[in-house]
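Below, each chain spelled out in residue letters.
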Amino acid sequence: MYLDLSGCKFSESIPESLWNLTQITYITLQRNSFNGQIPFTLSNLNQLIFLDLFGNNLHGKIPNFIGKLVKLEFLGLGGNNFNGPFPCGVANLTKLANLYLASNRLTGQIPEFQHKSKLMYIDLSHNELRGPIPQSISNLVNLTQLDLSSNNLSGVLELQTFSNLKNLDSLDLSYNS
């Protein structure tokens, strides 16, 4: 089941009834004006492969239960007003290939990623993330693009971290501490 309501100029909260479509696999609600938080009932969508909520006015913390959506291959929550720490559960999604959390107000450190991750694209730019780049990045052998620019990352940058990433085409670490 597929639902695309991109660019429809919807506002208010995302309708609760949407989260009851338990067989849905693809949701994109990008470029609307939805506000509020991601409700717990999203965790009912255990068949979900693609979730794109980019470019809305959603806020609050990205809930850790996102990590229970084990079939997710694409997660796009960028361009919102999410704050708080990076959702640790996301780093455990072994089927996730595309992670887009850019342009929010995420804080804290980037967690270590699962060794068996299929991640190909990570964009965590334009947040308030701090600390070192996790060593586990070197295990993401499918990674083609990594954007960690415009954060407050610091520490010693080990070039060895990136030497295993043979498919890496784009690396942006600009505008960090």
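Figured I'd write up the structure that's included with this text. (Residues numbered from 1 in each chain as written. Predicted model: local features only at pLDDT ≥ 70, side-chain atom pairs only at ≥ 80, totals over all residues. Heavy atoms only, no water.)

Comments concerning the overall build of the chain
So, step 1. Looking only at helices and strands, one finds one helix and 15 strands in the chain.
So, step 2. Taking 2.2 N^0.38 as the reference for a compact globule, 177 residues should give roughly 16 Å; the C-alpha atoms of the chain span a radius of gyration of 16 Å, in line with that estimate.
So, step 3. Taking the principal axes of the C-alpha coordinates as reference, the chain spans close to 50 × 30 × 25 Å.
So, step 4. Residue burial in the chain is summarised as follows: out of 177 residues, 45% are buried.
So, step 5. Partitioning the contacts of the chain with sequence separation of at least 6, the portion at a separation of at least 24 is 45%.
So, step 6. Of the roughly 8700 Å² of accessible surface on the chain, 50% is carried by carbon and sulfur atoms.
So, step 7. The averaged location of the 12 negative side-chain charges in the chain is 7 Å from the averaged location of its 11 positive side-chain charges. (Helix = DSSP H or I, 4+ residues; strand = E, 2+ residues; numbered from the N terminus. Rg over C-alpha atoms; globule rule 2.2 N^0.38 Å. Buried < 20%, exposed > 50% of the residue type's maximum accessible area, 1.4 Å probe, protein only. Contact = heavy atoms within 4.5 Å. Areas by Shrake-Rupley, 256 points an atom, 1.4 Å probe, with all protein chains shown as cover. Lys, Arg positive; Asp, Glu negative; His and termini not counted. Charge placed at Lys NZ, Arg CZ, Asp CG, Glu CD.)

Thoughts on unusual backbone geometry
So, step 1. Notably, Lys 9 is not glycine yet its phi reads approximately 65°, a positive angle.
So, step 2. Tracing the sequence through the fold places Lys 9 in the loop between strand S1 (2–4) and strand S2 (11–13).
So, step 3. When its relative accessible area of 76% is taken as the criterion, Lys 9 is described as exposed.
So, step 4. Notably, Glu 12 is not glycine yet its phi reads approximately 75°, a positive angle.

A few points about the layout of surface pockets
So, step 1. Taken as a whole, the largest pocket holds about 180 Å³ of empty space.
So, step 2. Residue lining of the largest pocket: 14 residues in total, with Ile 133, Ser 154, Gly 155, Val 156 and Leu 157 positioned closest to the centre.
So, step 3. Here the lining of the largest pocket is built from residues that sort into seven nonpolar, six polar and one charged. (1 Å grid on protein atoms, 1.4 Å probe; cavity = no way out; pocket = protein on both sides within 12 Å on 5 of 7 lines; lining within 4 Å. Points joined across faces, edges and corners; volume = space filled by probe spheres on them. Nonpolar A, V, L, I, M, F, W, Y, C, P; charged D, E, K, R; others polar.)

Some details on the packing of aromatic side chains
So, step 1. In the structure shown here, the tally under the stated rule is seven aromatic pairs.
So, step 2. Judged by centre distance (5.3 Å) and plane angle (80°), the ring pair of Phe 40 and Phe 65 falls under edge-to-face. Taken together, the residues span a long stretch of sequence, with Phe 40 in the loop between strand S4 (33–36) and strand S5 (50–52) and Phe 65 in the loop between strand S6 (57–61) and strand S7 (74–76) at a distance of 25 residues.
So, step 3. For Phe 65, a relative accessible area of 11% translates into the label buried.
So, step 4. Between the aromatic rings of Phe 86 and Phe 113, the centroid separation amounts to 6.4 Å while the plane-to-plane angle is 80°, which identifies the pairing as edge-to-face. With Phe 86 in the loop between strand S8 (81–85) and strand S9 (98–100) and Phe 113 in the loop between strand S10 (105–108) and strand S11 (121–123), the pair connects residues that are 27 residues apart, well separated along the chain.
So, step 5. Among the aromatic residues, those joined into a ring-pair cluster are Tyr 2, Tyr 26, Phe 50 and Phe 74. (Phe/Tyr/Trp six-rings, centres within 6.5 Å; stacked < 30°, edge-to-face > 60°.)

Focus on the nonpolar core
So, step 1. The biggest cluster of nonpolar side chains holds 46 residues, and the ones touching the most others in it are Leu 42, Leu 99 and Phe 113.
So, step 2. Among residues more than four places away in sequence, those in contact with Leu 99 are Leu 75, Phe 86, Val 90, Phe 113, Leu 119, Tyr 121, Ile 122, Asp 123 and Leu 124. (Core = buried A, V, L, I, M, F, W, Y, C linked by side-chain atoms within 4.5 Å.)

Some thoughts on the sheet that holds S2
By definition, the strands of a sheet pair up through backbone hydrogen bonds, in either a parallel or an antiparallel sense.
So, step 1. Pairing within the open sheet is parallel, and its seven strands lie in the order S2-S4-S6-S8-S10-S12-S14. Looking at which strands have only one partner, the edges of the open sheet turn out to be S2 and strand S14 (152–153).
So, step 2. Bridge analysis of S10 against strand S12 (residues 128–131) gives two bridges, and the strand direction is parallel. Considered in S12, the bridge of Thr 107 is made with Glu 128. (Pairing = 2+ DSSP bridges.)

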